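The lines below spell out each chain.
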Amino acid sequence: MSKKSRRHDQILRLVEANPSIRVTELAADLGVSSETVRRDLTELDETGRIKRTYGGAVRTTSFEPALAERLKLHIEARETIARIAVARLGDADSLFIGGGATTRLFARALRGIDRPLTVLTPAVNLVTELAQNPLIQVMSLPGIVEPNEGLVYGAETIKCIKQFRTQVAVMGASGVDEDGVSEALLNSAQVYSAMIEAADRTMILADASKFNSRSLQQIIGWNDDVSLIAEREPPPALRDAIRKSGAEMITGS
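Residues numbered from 1 in each chain as written. Predicted model: local features only at pLDDT ≥ 70, side-chain atom pairs only at ≥ 80, totals over all residues. Heavy atoms only, no water.

Colleague: So what's going on with the overall build of the protein chain? Residues and values would help.
Modeller: If you tally the helices and strands in the protein chain, you get ten helices and 14 strands. Within the protein chain, the proportion of its 253 residues that are buried is 49%. As displayed, the protein chain has an accessible area near 11,900 Å², and 49% of this comes from carbon and sulfur atoms. (Helix = DSSP H or I, 4+ residues; strand = E, 2+ residues; numbered from the N terminus. Buried < 20%, exposed > 50% of the residue type's maximum accessible area, 1.4 Å probe, protein only. Areas by Shrake-Rupley, 256 points an atom, 1.4 Å probe, with all protein chains shown as cover.)

Colleague: Which residues make up the nonpolar core, and what are the values?
Modeller: Ranked by size, the top nonpolar core spans 60 residues in total, and within it Leu95, Ile97, Phe106, Leu110 and Ile204 carry the most contacts. Residue contributions to this core peak at six residues, all from helix H9 (residues 186-197). Residues Val15, Ala27, Leu41 and Leu44 belong to the second largest nonpolar core, which totals eleven residues. (Core = buried A, V, L, I, M, F, W, Y, C linked by side-chain atoms within 4.5 Å.)

Colleague: Hey, could you go over H9 for me, with residue numbers and the actual values?
Modeller: For H9, which comprises twelve residues, the first-to-last C-alpha distance of 17 Å matches the rise-based estimate of 16 Å (1.5 Å per residue) to within 8%. Buried within H9 we find Ser188, Ala189, Val191, Tyr192, Ala194, Met195 and Ile196. (Expected span 1.5 Å × (residues − 1).)

Colleague: Can you explain the pairing of strand E11 (residues 199-205)? Please cite residues and give values.
Modeller: A large share of E11 lies buried, amounting to five of its seven residues. The sheet contact formed by strand E8 (residues 166-171) and E11 spans five bridges and is parallel. Each bridged residue has a counterpart across the sheet, and for Val170 the counterpart in E11 is Met203. Relative to strand E13 (residues 226-230), E11 runs parallel, the two sharing four bridges. By the bridge assignment, Leu205 is partnered in E13 with Ile229. (Pairing = 2+ DSSP bridges.)

Colleague: Pulling in residues and values, what's your account of the sheet that holds strand E5 (residues 136-140)?
Modeller: Strand order in this open sheet of seven strands is E5-E4-E3-E8-E11-E13-E14, and the pairing throughout is parallel. At either margin of the open sheet sits one strand with a lone partner, and together these are E5 and strand E14 (248-251). Across the sheet, the mean angle separating the axes of adjacent strands is 20° when strand polarity is ignored. Across the face of the sheet, helix H5 (residues 75-87) comes into contact with E11, E13 and E14 while running at roughly 140° to E13. The sheet strands contacting H9 are strand E3 (94-97), strand E4 (117-121), E8 and E11, and the helix crosses E8 at an angle near 150°. (Axes fitted to C-alpha atoms, helices over the stretch in contact; angles between N-to-C directions. Contact = heavy atoms within 4.5 Å.)

Colleague: So, the pairing of E3: which residues are in play, and what are the values?
Modeller: Sheet faces and side chains relate simply in a regular strand, where the side chains alternate between the two faces. The side-chain alternation of E3 yields two buried faces, one formed by Ser94 and Phe96 and the other by Leu95 and Ile97. Note that E3 and E4 share three bridges and pair parallel. Paired with Ser94 across the two strands is Thr118, which belongs to E4. In terms of handedness, the path from E3 via helix H6 (residues 101-110) over to E4 forms a crossover that is right-handed. (Right-handed = clockwise from strand over helix to strand, strands pointing away.)

Colleague: Talk me through helix H10 (residues 236-245); I want residue IDs and the actual numbers.
Modeller: When we look at burial in H10, the residues that qualify are Leu238, Ala241 and Ile242. Viewed along the axis of H10, the buried residues span an arc of 95°, placing them on a single side of the element. Against strand E9 (175-177), E13 and E14 lie the buried residues of H10. Note on H10: the residue one or two positions beyond its end, Gly246, has a positive phi of about 95°. (Arc of directions from axis to C-beta.)

Colleague: Run through the side chain of Thr121, naming residues and quoting values.
Modeller: With respect to the element layout, Thr121 can be found in strand E4. Polar contacts involving the side chain of Thr121 include one to the main-chain carbonyl oxygen of Ile97, which spans 2.8 Å. In contact with Thr121, not counting residues within four places along its chain, are Ile97, Leu126, Val127, Val138, Met139, Ser140 and Leu141. (Polar contact = N/O pair within 3.5 Å; in protein donor to acceptor, adjacent residues only side chain to side chain.)

Colleague: I'd like a description of the pattern of salt bridges, backed by residues and values.
Modeller: Throughout the structure, instances matching the rule amount to twelve salt bridges. Across the pair Asp179 and Arg214 runs a salt bridge whose closest N-O atoms are separated by 2.7 Å. Of the two residues, Asp179 is situated in the loop between E9 and strand E10 (180-183) and Arg214 in the loop between E11 and strand E12 (217-221); the sequence distance between them amounts to 35 residues. Accessibility expressed as a relative area gives 38% for Asp179, which makes it partly exposed. We classify Arg214 as buried; its relative accessible area is 19%. Where salt bridges share partners, they join Arg104, Arg108, Arg111 and Glu129 into one cluster. (Salt bridge = Lys/Arg side-chain N within 4 Å of Asp/Glu carboxyl O.)

Below, the structure written as structure tokens:
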């Protein structure tokens, strides 16, 4: 392995351990000049292994653990997010809900709602979760089943989504960075983008492990129709980018 390749691997490890690390800190840790680090970051950005940010970088992710594994992680944070999200629905009576570990806990919290609600979802497990409340009318979207995630996708899914308009789309996230929200699975990303487009506003439920990371496809950029709900505030640069866009940020701390 060349000296540059070893340095690139070190940079990736350092960025993964500390997403907000600066160029000057990387240079000091690696014992090279800031200019060398900037060149390395540019090369890593061009190959898609990181995404450059002002003064540093965030690592990109093209995959994430299967749903069964994710359900075991960050449970307390996700339960906090779910409770906040249910309280922030206001008088909305129609929702799109995406799949994922955090939206699963959101659905569990939503199950206790005491008023009529219509939910459309591509997530098979959310259908059975929500149908336990007779006040919630649940529509399972049609499509091809992706078994690891328990989601449907495809042309029929997109076509069906376009027939409806909901007040809120509730989505999880694979990555949250200064540009917006991204999803690791391409098929899911296409479905989620269509759901967001067919809703008046979007609530993004993301725990802190998703901060300063970028996945395969962006599903929405920050704007004043978007709310981020997290258990704690993002790092300063990300927090400032969200606020500058006009998006709402709601945290449990």
